[in-house]
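# Close look at the chain arrangement
What follows is each chain in one-letter form.
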Amino acid sequence: MSDLNKVMIEKYRTSFLREVEANVEEGEWVKMCMQCGVCAGSCPLGKHWDHPPQEIFMMIRAGKRDEVLTSDSMWMCTSCYNCIARCPRGLPITHIMHGLAVYSKRLGLAPQKQPTAEFSQIFWDNLMKKGRVNELKLGLSLYFKDGFGQGVKNAMANQKLGQNMMKAKRMNPMEFFGGHGVKDTSGLQKMIKKAQEIEDAKVQGKG
Amino acid sequence: MGIQLNEIPDWNCCGASIGYGGGGELPRLALSARNIALSEEHNPGQQIVATCAACWLATREAKERLHDDQQMFKDANAALAEAGLMYKGQAEVRHMVEVLVDDIGFDALKAKVKKPLEGLKIAGYVGCQTNRPFGIAGESFENPMYLDNIVESVGAESIRTYEKKVQCCGGALAFSEPEKSQEMIHGIIEAAYDNGADLITTPCPLCQANVEIYQDQINEKFGTKFNMPVVYYSQLLDVAFGRSAADAALNGQIIKAKKLEDIANK
Ligand code: SF4
Ligand code: SF4
């Protein structure tokens, strides 16, 4: 168990709701949910979710900490904003789902090998190197995330697609050797480092 | 059209709607704040106009969050100071569609048409993020009409009741959850065929890619024979306003928009 997870269990022994309110993006909204179920019927990938948003909000109030934070449901949020557009209470559901996912990952509780969690990290790392995202490297690292053998298989499955994209000049093979980026990479990286420090300090010291 | 666009110098990627899982909240907001700060410094007094749904959404969302949360505003500026920048949050953030619909207007678009897209039946696929949560003023989330109006302004036939108009295509999860996303994309294309569409058009670049490029894989999986062109809405305007197929980037299509090319080559 991660140290931060232990600290948080100790600190919020009596209330998972308070833990969420203090540490999860837009978490202070959870208590506003009136359990109408509209969001549950709105998720495009909903049939794959073990716990739709409505249920997650109920579970948070019921203190089902492990079930919520180890769930892969919120990682299947496509950011379609259907729920936000429809929720009668105005909950920023999309952001709470993202927030829960990130918080579970921070505590080391997110499911291993969750594809969107991995893709999200690869995307972010790619972006952090140059300030802009390099589609070719993004694609390649995605194929090889499960190791070389699986990577070759994944890449083969999408080979035709890659060739089509290059033929249509939509993906530039030269990107691999440099590609575009911001000029002030060091400024951007310093800015993000600072933002990360502030955010880390908040989660560790807040509540 | 009397509108000049100036690039934001040294802009960065906004993190899109997938970067959150790597970046968390403040680092993600800082990325958008940096773009706004750069624009405020180098293009003072100008609006920020995004052509991508996710860029628009992330930038506008960051602006709202930093406005509503004073602590977050301070924290974002503490981070930006590391790059020698300051965020004020004054620049208005808009989508290109708002410029076309609200500032220019359908009548003015119509007046520009040199080659009406006659005989083309088009499914206007609005998707998610150009439509929710902000959307275009005066439009409904469940059945927005502006894209149909644009289609009709350039002389094509629109499918106003296209049932998959605002269906999610999977967004970034088309990469990480291909099977689940392709099932949704299958529905989007199937409904376009059912309505007799010649092509699909969309104001979202990621929707455009997702709905166009996986059709081979979808055909393999579902035993379909989809070969439905999907173009970005500006390509329709380009052709209608008399630009060449190459200028309209129609050679960049993986599935050729043959009928549209024919009009461009007329
Ligand atoms: S739509 Fe809103 S109020 Fe209804 S269950 Fe979902 S979060 Fe709760
Ligand atoms: S934004 Fe996420 S949580 Fe909301 S309906 Fe879409 S997929 Fe579901």
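Along every chain, residues carry numbers that run from 1 in the direction the sequence is written. Think of it this way: whatever chain is written first is A, whatever ligand is written first is 1, and the rest follow in order. Note on the predicted model: pLDDT of at least 70 is required for a residue's local features to be given, and 80 or more for side-chain atom pairs to be given and counted; whole-chain, interface and lining totals, by contrast, use all residues. Hydrogens and waters are ignored; side-chain quantities use all the structure's heavy atoms.

## Here we look at the confidence of the model for chain A
All names here are of chain A. As a per-residue measure, pLDDT tells how confident the predictor is, with possible values from 0 to 100. Across chain A, the average pLDDT comes to 85, with 76% of residues at or above 70. By the criteria applied, helices consist of DSSP H or I runs no shorter than four residues and strands consist of E runs no shorter than two, each listed in order from the N terminus. For chain A, helix H9 (residues 148–157) is the element with the lowest average pLDDT, namely 54, and helix H3 (residues 53–61) is the one with the highest, namely 98. Contacts: residue pairs with any heavy atoms within 4.5 Å of one another. For residues 173–178, every residue scores under 50 in pLDDT, and the model assigns this stretch 13 contacts once sequence neighbours within four places are set aside.

## With respect to the pairing of strand S3 (residues 121–124) of chain B
Residue and element names in this part refer to chain B. Whether two strands pair depends on DSSP finding at least two bridges between them. Sheet analysis places S3 next to strand S4 (residues 157–158), joined by two bridges and oriented parallel. Looking at the pairing, isoleucine 122 lines up with serine 158 of S4. Between the parallel pair S3 and S4, the chain is carried across by helix H7 (residues 146–153), and the sense of this crossover is right-handed. Here three bridges tie S3 to strand S5 (residues 199–202), and the two strands are oriented parallel to one another. Note on S5: the bridge partner recorded for isoleucine 122 is leucine 199. If the strands point away from the viewer and the path from the first strand over the helix to the second runs clockwise, then the crossover is right-handed.

## Things to note about the packing of helix H7 (residues 115–130) of chain A against helix H2 (residues 26–42) of chain B
Fitted lines through C-alpha atoms serve as axes, helices being fitted only where they are in contact, and the angles separating the N-to-C directions of these axes extend from 0 to 180 degrees. Orientation of H7 of chain A relative to H2 of chain B, taken along the N-to-C sense of each, is 45°, at an axis distance of 13 Å. What the angle tells us is that H7 of chain A and H2 of chain B run oblique. Between H7 of chain A and H2 of chain B the crossing geometry is left-handed. Counting all contacts with H7 of chain A, which are made through Trp124, Leu127 and Met128 of chain A, the residues of H2 of chain B involved are Pro27, Arg28 and Leu31 of chain B. Amino acids are sorted into nonpolar (Ala, Val, Leu, Ile, Met, Phe, Trp, Tyr, Cys and Pro), charged (Asp, Glu, Lys and Arg) and polar (every other residue, Gly among them). Its residues assigned to classes, the contact of H7 of chain A with H2 of chain B comprises five nonpolar, no polar and one charged. Relative orientations are named as follows: roughly parallel for angles under 35 degrees, roughly antiparallel for angles over 145 degrees, roughly perpendicular for angles from 65 to 115 degrees, and oblique for any other angle. Less than a right angle of anticlockwise turn of the near helix away from the far helix marks a crossing as left-handed, whereas a clockwise turn marks it as right-handed.

## As for the packing of H2 of chain B against helix H3 (residues 53–68) of chain B
Residue and element names in this part refer to chain B. Viewed as axis vectors pointing N to C, H2 and H3 meet at an angle of 100°, and their least axial separation amounts to 9 Å. Here H2 lies roughly perpendicular to H3, going by the angle between them. Only Ala58, Thr59, Ala62, Lys63, Arg65 and Leu66 of H3 make contact with H2, whose side of the interface consists of Arg28, Leu29, Ser32, Ala33 and Ile36. Its residues assigned to classes, the contact of H2 with H3 comprises six nonpolar, two polar and three charged.

## What to know about the confidence of the model for chain B
When the pLDDT values of chain B are averaged, the result is 94; 100% of them are 70 or greater. Note on the complex model: pTM 0.89, ipTM 0.92.

## Quick look at the sheet that holds S4 of chain B
All names here are of chain B. One open sheet holds the four strands; their spatial order is S4-S3-S5-S6, and the pairing between them is parallel. The sheet is open, and its two borders are formed by S4 and strand S6 (230–232), each paired with just one other strand. The pairing of S5 with S6 spans three bridges and is parallel. Within S6, the position partnered with isoleucine 200 by the bridge is valine 230.

## Considerations on the site of ligand 2
Residues in close proximity to ligand 2 total 13 residues, the closest being Cys43, Cys77, Cys80, Tyr81 and Cys83 of chain A. Those elements giving two or more residues to the shell around ligand 2 turn out to be helix H5 (82–86) and helix H6 (93–106) of chain A. Throughout, the term near means that a residue has one or more heavy atoms lying within 4 Å of the molecule or strand in question.

## Remarks on the site of ligand 1
Taken together, 14 residues form the shell around ligand 1, and within it Cys33, Cys36, Gly37, Cys39 and Cys87 of chain A come nearest. Taken together, the residues of the shell around ligand 1 sort by class into ten nonpolar, three polar and one charged.

## Section: the environment of asparagine 82 of chain A
The residue asparagine 82 of chain A is located in helix H5 in this model. To sort residues, take the accessible area from a 1.4 Å probe on protein chains only and compare it with the maximum for the residue type: under 20% means buried, over 50% means exposed, and anything in between is partly exposed. The buried category is assigned to asparagine 82 of chain A, whose relative accessible area is 11%. C-alpha of asparagine 82 of chain A to C-alpha of isoleucine 198 of chain A: the two residues are 116 residues apart in sequence and 31 Å apart in space. Residues in contact with asparagine 82 of chain A, not counting those within four places in the same chain, are Ser42 of chain A together with Arg132 of chain B.

## Observations concerning the interface of chain A and chain B
The partner chain B presents 59 residues to the 59 residues of chain A that form the contact. For salt bridges, the criterion is a side-chain nitrogen of Lys or Arg within 4 Å of an Asp or Glu carboxyl oxygen. One salt bridge connects arginine 65 of chain B with glutamate 26 of chain A, and the closest N-O pair in it is separated by 3.0 Å. Any N or O atom pair separated by 3.5 Å or less is treated as a polar contact, with the protein-specific requirement of one donor-capable and one acceptor-capable atom, and with residues adjacent in sequence counted only for side-chain atom pairs. Remark: the boundary between chain A and chain B carries 21 residue pairs in polar contact (both at pLDDT 80 or more). Of all the elements in the fold, those that place two or more residues in the side of chain A that touches chain B are H5, H6, H7, helix H10 (159–167) and helix H11 (185–205) of chain A. A per-element tally of the side of chain A that touches chain B places H11 of chain A first, with eleven residues. Residue classes in the side of chain A that touches chain B are distributed as 30 nonpolar, 15 polar and 14 charged.

## Regarding the packing of aromatic side chains
All names here are of chain B. Stacked, edge-to-face and tilted are the three classes for Phe, Tyr and Trp ring pairs, Trp counted by its six-membered ring, which pair at centre distances within 6.5 Å; planes under 30 degrees apart are stacked, over 60 edge-to-face, the rest tilted. Counted according to the given criterion, the structure contains seven aromatic pairs over all chains. Both rings, one in tryptophan 56 and one in phenylalanine 134, keep their centres 6.0 Å apart while their planes meet at 65°; by these two values the pair is edge-to-face. Pair noted here: tryptophan 56 is in helix H3 and phenylalanine 134 is in the loop between S3 and H7, with a separation of 78 residues, a long-range link. The exposure class of tryptophan 56 is buried, given its relative accessible area of 0%.

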